[in-house]
Amino acid sequence: GAGVSQSPSNKVTEKGKDVELRCDPISGHTALYWYRQSLGQGLEFLIYFQGNSAPDKSGLPSDRFSAERTGGSVSTLTIQRTQQEDSAVYLCASSLRSPGTSSSYNSPLHFGNGTRLTVT
Amino acid sequence: RKEVEQDPGPFNVPEGATVAFNCTYSNSASQSFFWYRQDCRKEPKLLMSVYSSGNEDGRFTAQLNRASQYISLLIRDSKLSDSATYLCVVALTDSWGKLQFGAGTQVVVTP
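Everything quoted here is computed from the prediction, not taken from an experiment. The numbering scheme is per chain: residues are counted from 1 as the chain's sequence reads. Chains and ligands are labelled sequentially in the order written, the chains with letters from A and the ligands with numbers from 1. Selection of residues for local features in this predicted model requires a pLDDT of at least 70, selection of side-chain atom pairs for listing and counting requires 80 or more, and totals for whole chains, interfaces and linings are taken over all residues. No hydrogens and no water enter the side-chain calculation; it runs on all heavy atoms of the structure.

1. A short note on the overall build of chain B
Reasoning step 1: A run of H or I in DSSP counts as a helix once it spans at least four residues, and a run of E counts as a strand once it spans at least two, with each numbered from the N terminus. Summing up its helical and strand segments, chain B has zero helices and 11 strands in all.
Reasoning step 2: Note on method: radius of gyration uses C-alpha positions; expected globular size equals 2.2 Å times residues raised to 0.38. Taking 2.2 N^0.38 as the reference for a compact globule, 111 residues should give roughly 13 Å; the C-alpha atoms of chain B span a radius of gyration of 13 Å, in line with that estimate.
Reasoning step 3: A 1.4 Å probe rolled over the protein chains alone gives each residue an accessible area, and that area as a share of the maximum for its type sets the label: buried under 20%, exposed over 50%, partly exposed in between. Evaluated residue by residue, chain B yields a buried proportion of 47% over its 111 residues.
Reasoning step 4: Two residues form a contact once any of their heavy atoms are found within 4.5 Å. Considering only intrachain contacts with a sequence separation of at least 6, the fraction spanning at least 24 residues in chain B is 57%.
Reasoning step 5: Residue-level accessible areas treat just the shown protein chains as cover; the underlying method is Shrake-Rupley with a 1.4 Å probe. Accessible surface, chain B: about 5,300 Å² in total, of which carbon and sulfur atoms supply 47%.
Reasoning step 6: Only four residue types enter the tally: Lys and Arg on the positive side, Asp and Glu on the negative side, with His and both chain ends excluded. Charge positions are represented by NZ for Lys, CZ for Arg, CG for Asp and CD for Glu. Positive and negative charge centroids in chain B, built from 11 and 11 side chains respectively, lie 3 Å apart.

See the structure below:
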């Protein structure tokens, strides 16, 4: 079946411009996550959605970053006034249920292929 | 101090050998543990969950040591296709959705 879909796969933008990254999770998955990964680095948590609400936004690095999820499905991550340090691969993942619940072990994260953002 | 720490490696392993490595976590209240695998320039994929009693999946064995706050992954009879970066993932009890990823341990299996 269809996996997590992210678009665009690559985005090159000029410093100071705004960008929107899109994530289409697996149908029926209630939890959605945004991470970013810089070259040679681990995954950095950005934000997590349960349904349409975002219980945890603690990973957003600055107020230039925002995310929303509508209809419990598609999510967009918006970066305003991009900076060069924003360059990274932005990964979206979804899961059927939230990890940490009693049944979470049968609900792994499924990642999309990511959006490679380059800010010049 | 990072919440999840891993030896970055690389661990160079001859084909057919056994390799094992650990991951330490700082939050003693952590409840859920996973190993993910990430191939070069690809997305992470779940390798296996880690249960309190330890668990095995084919050539892979995962262990959890709560007292010392680490999890381990052992790969037996290594295959060339096992070459990847292995990510340790921990879920915190105070924020169910916020999985903490380690930076990964690189394993290189050589012929």
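2. Quick word on the sheet that holds strand E8 (residues 70–75) of chain B
Residues and elements named next belong to chain B.
Reasoning step 1: As summarised here, the arrangement of the five strands in space is E1-E3-E8-E7-E6, forming an open sheet in which the pairing is antiparallel. In the strand order of this sheet, the two ends are held by strand E1 (4–6) and strand E6 (55–57), each with one partner. Direction aside, neighbouring strands of the sheet carry axes that sit 20° apart on average.
Reasoning step 2: With six bridges joining them, strand E7 (residues 60–65) and E8 adopt antiparallel strand pairing. Counterpart to Phe60 in the pairing with E8 is Ile75. Strands were regarded as paired on the criterion that DSSP finds at least two bridges between them. Every axis corresponds to a line fitted to the C-alpha atoms, with the helix fit spanning only the stretch in contact, and the corresponding angles, defined between N-to-C directions, vary from 0 to 180 degrees.

3. Looking at the interface of chain A and chain B
Reasoning step 1: With 22 residues of chain A at the contact, the number on the chain B side is 23 residues.
Reasoning step 2: The junction of chain A with chain B conceals about 1,900 Å² of combined surface from both sides, 57% of it contributed by carbon and sulfur atoms.
Reasoning step 3: One speaks of a salt bridge when a side-chain nitrogen belonging to Lys or Arg is within 4 Å of a carboxyl oxygen belonging to Asp or Glu. Our enumeration of links across chain A and chain B arrives at zero salt bridges.
Reasoning step 4: For this analysis, a polar contact is any N or O atom pair within 3.5 Å, provided that within protein one partner can donate a hydrogen and the other can accept it, and provided that sequence-adjacent residues contribute only side-chain to side-chain pairs. The interface formed by chain A and chain B contains three residue pairs in polar contact (both at pLDDT 80 or more). As a working definition, buried area equals the accessible area (1.4 Å probe) given up by two parts on being put together, with both sides summed.

4. Here's the deal with the sheet that holds strand E7 (residues 65–69) of chain A
All names here are of chain A.
Reasoning step 1: Taken together, four strands build an open sheet; the order of strands is E1-E3-E8-E7 and the sheet is antiparallel. With one partner strand each, in any of the chains shown, strand E1 (5–7) and E7 form the two edges of the open sheet. Along the sheet, successive strands turn relative to each other by an average axial angle of 15°, direction set aside.
Reasoning step 2: Relative to strand E8 (residues 75–79), E7 is paired through five bridges, and the arrangement is antiparallel. Across the sheet, the residue bridging to Ser66 is Thr78, located in E8.

5. Some thoughts on the pattern of salt bridges
Reasoning step 1: Under the counting rule described, the total for this entry stands at eight salt bridges over all chains.
Reasoning step 2: Across the pair A:Glu14 and A:Lys17 runs a salt bridge whose closest N-O atoms are separated by 3.8 Å.
Reasoning step 3: Look at A:Lys17 and you get partly exposed, because its relative accessible area is 44%.
Reasoning step 4: Residue B:Glu56 is joined to B:Arg76 by a salt bridge in which the shortest nitrogen-to-oxygen separation is 3.5 Å. Within this pair, whereas B:Glu56 is found in strand E6, its partner B:Arg76 is found in the loop between E8 and strand E9 (84–92), the two being separated by 20 residues in sequence.
Reasoning step 5: When its relative accessible area of 57% is taken as the criterion, B:Glu56 is described as exposed.
Reasoning step 6: Taking relative accessible area as the criterion, B:Arg76 reaches 29% and is therefore assigned partly exposed.

6. Let's talk about the packing of aromatic side chains
Residue and element names in this part refer to chain A.
Reasoning step 1: For Phe, Tyr and Trp, rings pair up if their centres lie within 6.5 Å, where Trp contributes its six-membered ring, and each pair is then called stacked (planes under 30 degrees apart), edge-to-face (over 60) or tilted (otherwise). For the coordinates displayed, the defined rule picks out 11 aromatic pairs over all chains.
Reasoning step 2: For the ring pair Tyr33 and Tyr48, a centre distance of 5.2 Å and an interplane angle of 20° mean the geometry is stacked. Note that Tyr33 is positioned in strand E4 (residues 31–37) and Tyr48 in strand E5 (residues 43–50), a separation of 15 residues in sequence. Tyr48 shares its class with Tyr33; the two are buried.
Reasoning step 3: Between Tyr35 and Phe45 the ring centres are 5.7 Å apart and the planes differ by 75°, which places this aromatic pair in the edge-to-face class.

So yeah, pure geometry; function would need other evidence.
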